[in-house]
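What follows is each chain in one-letter form.
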Amino acid sequence: MLRRFLLSALVLPSLSPALEVRVSDTLKPAQALEQIRAARQAGDASPATIVFPEGTTELLTPLTLGTQDSNLTITGTQSTLIGGPKVTDWEKHTGEIVKADVSKLLPKGFLPKQLLCDGERQILARYPNFDAKAPLYGGWAFVPAFPPAGAPEGHLWKRTLFVKPEDVRTWAHPEDVELDIFAQYGWWNFIEPVASLDPATRLLTLKKDCAYDLHPHNRYHFQNALEELDAPGEWFYDKHSGVLYFWPPVDSASQSSPLAPREEQSAPSDKEAAPNSDTTSANNASSSSRGARGLLSIRLPLTDAFFKIKGAKNITIRGLTLTGCHGSAITFERAEDCLVEKCVITKVGAFHGSGVGVSEGKHVRVSHCEISFTGSNGVSLSGGDRKTLTGPGHAVEDCHIHHMGVFNKNACGVSLYGVDHAVRHCHIHDGPRMGVQMSGNNLFVEYNHLHHLCLETQDGGAVYTGGRDWISSRGSKWRYNLIHDVIGCGQEAGGLKHPWFTFGLYPDDNSGGIDIIGNIVFRVAHTPIHMHNSRDCIVENNVFALGGKFQFDLHGWTKEQRFYTSHIDTMIQGYESVAGQLAWTSMRGMELHPKDAIRDDGTMMSGNRFQRNILFSDTPGVKYGDIRHATAKWNTIDHNLAWNGSHPVVTGINKVGPDKPGEPLLTENFNTAELGKMPKGWGFNHRPNKNVQLVGADGALRADCALGSEPGNPKTVFHGPDVPITPGAAYRVKLRIKSTEPTAKMSLAFASFKNGEGYWQTQGTSITATPEWIEVEATGRMPRENEATWKPWMKHFWLRIDCHEPKGQIFIDDLRLTECEPLDEWTSWQAEGWDKHSLIADPKFVDWKKDDFRLQPDSPAFKLGFEAIPVEKIGIRK
């Protein structure tokens, strides 16, 4: 009775026996938690609730909940928690820039990475400046190309780069400056500390190696220098003096300012507006009061998290708005039966900070939340035992997740790692890379709406997984997802390219055993589904439409490829780590040991069933599908429906008939080639070093094989004389080859190029040269004028020869190029063993031009066994 009396002032009258404590101006969150703990120690085991007040509450230290805090609900009404102190006592610095000493606000050694002004993140001072009109693709500098001679000898690709003359900068403290760069492939960005920038040589040196090489054309900006604070909305913290500098943003609706008399600045404000959010929720407060206040509210997020749950059970966090923290807003470690529900989590996390992070434990759910503008991932789930396939059952359901990866461009909407996690009925969009990224087993991605992803990176997908260990992602299911507008961004000599090389569904790097069923994937930069040596996958009853290059592909590995040679040991280790475990005995495809993965036809990709899908395009020349290093003996593609509007269905397989009558278009026997000289019309595409030669030798053409260290010239590639193009024509080249090495891998293709316009080539034909002369053949077809791959600049083509060897020489002789009778591409495709029972027919969508890919009742797809996709069940449930 005494304990109840002491708490009565803090507890609302209630018929429930539950313990309730309210946070207030006089009772801080940590004190409220101590009240609950005191009650528990006094013997009250009833469920407890902490209630936050309306308005804004500063929470600068995480509430850490352990096992003793189980059975606790944390909630509020129109309650916003903010994880950064308000900065006051501003002084004028120069021009529009103001400054304040914040050394006493920040923990010792803490370097702020974010600044909030009226709840909105501001820009860390940078060069080039942020471009508000082109926030993704503007405001970048680019690493210049090397001169024709290539990179300097001994160039440190991971440590140094050269800047253009106009990008040379001078800083008082270059050691404080950071380089934010999309290195090498542009898969994601790296933020690296600068050591120096030499204005004379324009050489930038980092303090440590970047994980990837720093290549020409990589985009970057410098940040964190006072000298770069030259635009509204930029800020800088000087760690040497403890002074914060800020140029307040231009606000046409208000003349708000951080400057005011000190007594006015120091007045507390616990009624700040909640951050903007487009989710209708009781905890959304108006953010339009900025002009009415007259003062800008400026904060430095510093708390590591708002809530850290470690080992507790039955924790519910409901109906709160969380904004402005340095790390992840909420983290769960070894927690069980916990729930985050109806929360708005926005503008949280620096480079490694996410909305919600869950590791180990059991049955943690994130439900009906809006999570946006996170530094890294929206939500991260991990945990589970791979050997026993026992998982925690964590799930993200009915959440709106968007604009993730503000700082970390390898971020995704939801990350799944381990066993038995799910993301269901979510709306995920506007992210720099994946919507869902996963690794593990028995992972479920279903009934989600994902769009506008891979906006800032390339070679990604709306849903992505890999399987270099052989056992990932077996047992997983991607079902009934609506996916569209996956964009991609490439870094090329002409600047940024978008849309660019990226995909809808992406089972990458030998991933296996996934059920991919009932998805609608359309308007994707490259391919709606890219199966990169995927194994044992069931791909059925999907709509793959409007891919920029083709509607699906199977790209396998061979024993000679670096993918296989680099990862075979990892595959064997992964397989043997679970082989014989009871849980794995029924897992599809596990009867094959990876040491036996290379099939009798030299391919590795096997066990895939691609059936009863609709493949749709409306663009001439866009391919139906693309197959590389995969055969119909080990994979099934059949009972599908293909359609390309009024245009022919093209496959890229161009089997040719007999030669057309007439003389060859080109013959070369090199008998008259001057010894030691390059024959007329021949030349290098790529020359690894200046010692590599392409010359006449003993009545043949001799090419030196070499591998170079420069990324732009990795191997010997050379070409023959120009041949006039006839659009749509098919060609056959025959030639004799030999090598000084026991075996030499090569490839032949037809190609066309015009400087400043573009490059095109046919699919290469792989051949192996030996010390004995052998005759080889390659064929290909030129694009038709009504196909997407045809370009007006394509006037000539030439034979391209790639040498894949590090040493030795190859010899070419008796070359003969002729025009042939082309065969229909669909017939050629079927002759390879694909789609023997498939149809070319209009699928009769309800209205695909308005993104409605439901089928009309008389669709011919139903005759193939296609089942209607439950579109009405996709997305967030009310």
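Given the structure is predicted, the values throughout are model-derived calculations rather than measurements.

Attention now moves to the side chain of Glu-668. Along the chain, Glu-668 turns up in strand β58 (residues 666–668). For the buried residue Glu-668, which engages in no salt bridge, the nearest side chain bearing the opposite charge is Lys-680, 10.0 Å off. Side-chain polar atoms of Glu-668 contact the side chain of Trp-682, separated by 3.3 Å. Every residue in contact with Glu-668, bar those within four places of it in the chain, is listed here: Trp-682, Pro-721, Asp-813, Asp-814 and Leu-815.

So, about the pattern of salt bridges. As enumerated under the stated definition, the model contains 45 salt bridges in all. One salt bridge in this structure joins Asp-176 and Lys-239, with 3.5 Å as the shortest N-O distance. Of this pair, Asp-176 sits in the loop between β14 (160–162) and β15 (178–181) while Lys-239 sits in the loop between β19 (234–238) and β20 (243–246), and the two are 63 residues apart along the sequence. Here Asp-176 falls in the buried class, since its relative accessible area comes to 12%. The exposure class of Lys-239 is partly exposed, given its relative accessible area of 45%. Between Arg-732 and Glu-777 there is a salt bridge, with the nearest N and O atoms lying 3.0 Å from each other. In this pair, Arg-732 is assigned in strand β64 (residues 730–739) and Glu-777 in strand β68 (residues 774–781), connecting sequence segments 45 residues apart. Connected through salt bridges with shared partners, the residues Arg-365, Glu-397, Arg-424, Glu-446 and Arg-479 form a single ionic network.

Spatial ordering of the open sheet is given by β7-β8-β20-β19-β11, a layout of five strands whose pairing is mixed. Of all strands in the sheet, those with a lone pairing partner are β7 (91–94) and β11 (123–124), marking the two edges. Direction of pairing for β7 relative to strand β8 (residues 97–101): antiparallel, over a ladder of three bridges. Note on β8: the bridge partner recorded for Glu-91 is Lys-99.

Our focus in this paragraph is the pairing of strand β31 (residues 379–383). In terms of burial, β31 is a largely internal element, four of the five residues being buried. Where strand β28 (residues 356–359) and β31 come together, four bridges link them in parallel fashion. Paired with Ser-359 across the strands is Ser-382, a residue of β31. Across five bridges, β31 lies against strand β34 (residues 414–419) in parallel orientation. By the bridge assignment, Leu-381 is partnered in β34 with Leu-416.

Before going further, it helps to spend a moment on the sheet that holds strand β10 (residues 120–121). As a general point, the strands of a sheet are linked pairwise by backbone hydrogen bonds and lie either parallel or antiparallel. The antiparallel open sheet is built from three strands, whose spatial order is β10-β9-β21. Edge positions in the sheet fall to β10 and β21 (298–299), since each of these pairs with one other strand and no more. Note that strand β9 (residues 116–117) and β10 share two bridges and pair antiparallel. Each residue of the ladder has a partner; that of Cys-117, found in β10, is Glu-120.

The next thing to look at is the environment of Asp-722. Inspection of the secondary structure assignment puts Asp-722 in the loop between β62 (716–719) and β63 (723–724). Between the C-alpha atoms of Asp-722 and Phe-797, which are 75 residues apart in sequence, the distance is 5.6 Å. If we skip the residues at most four places from it in the chain, Asp-722 touches His-796, Phe-797 and Trp-798.

Reading the values: rules and limits
Residues numbered from 1 in each chain as written. Predicted model: local features only at pLDDT ≥ 70, side-chain atom pairs only at ≥ 80, totals over all residues. Heavy atoms only, no water. Helix = DSSP H or I, 4+ residues; strand = E, 2+ residues; numbered from the N terminus. Buried < 20%, exposed > 50% of the residue type's maximum accessible area, 1.4 Å probe, protein only. Lys, Arg positive; Asp, Glu negative; His and termini not counted. Salt bridge = Lys/Arg side-chain N within 4 Å of Asp/Glu carboxyl O. Polar contact = N/O pair within 3.5 Å; in protein donor to acceptor, adjacent residues only side chain to side chain. Contact = heavy atoms within 4.5 Å. Pairing = 2+ DSSP bridges.

None of this, on its own, says anything about what the molecule does.
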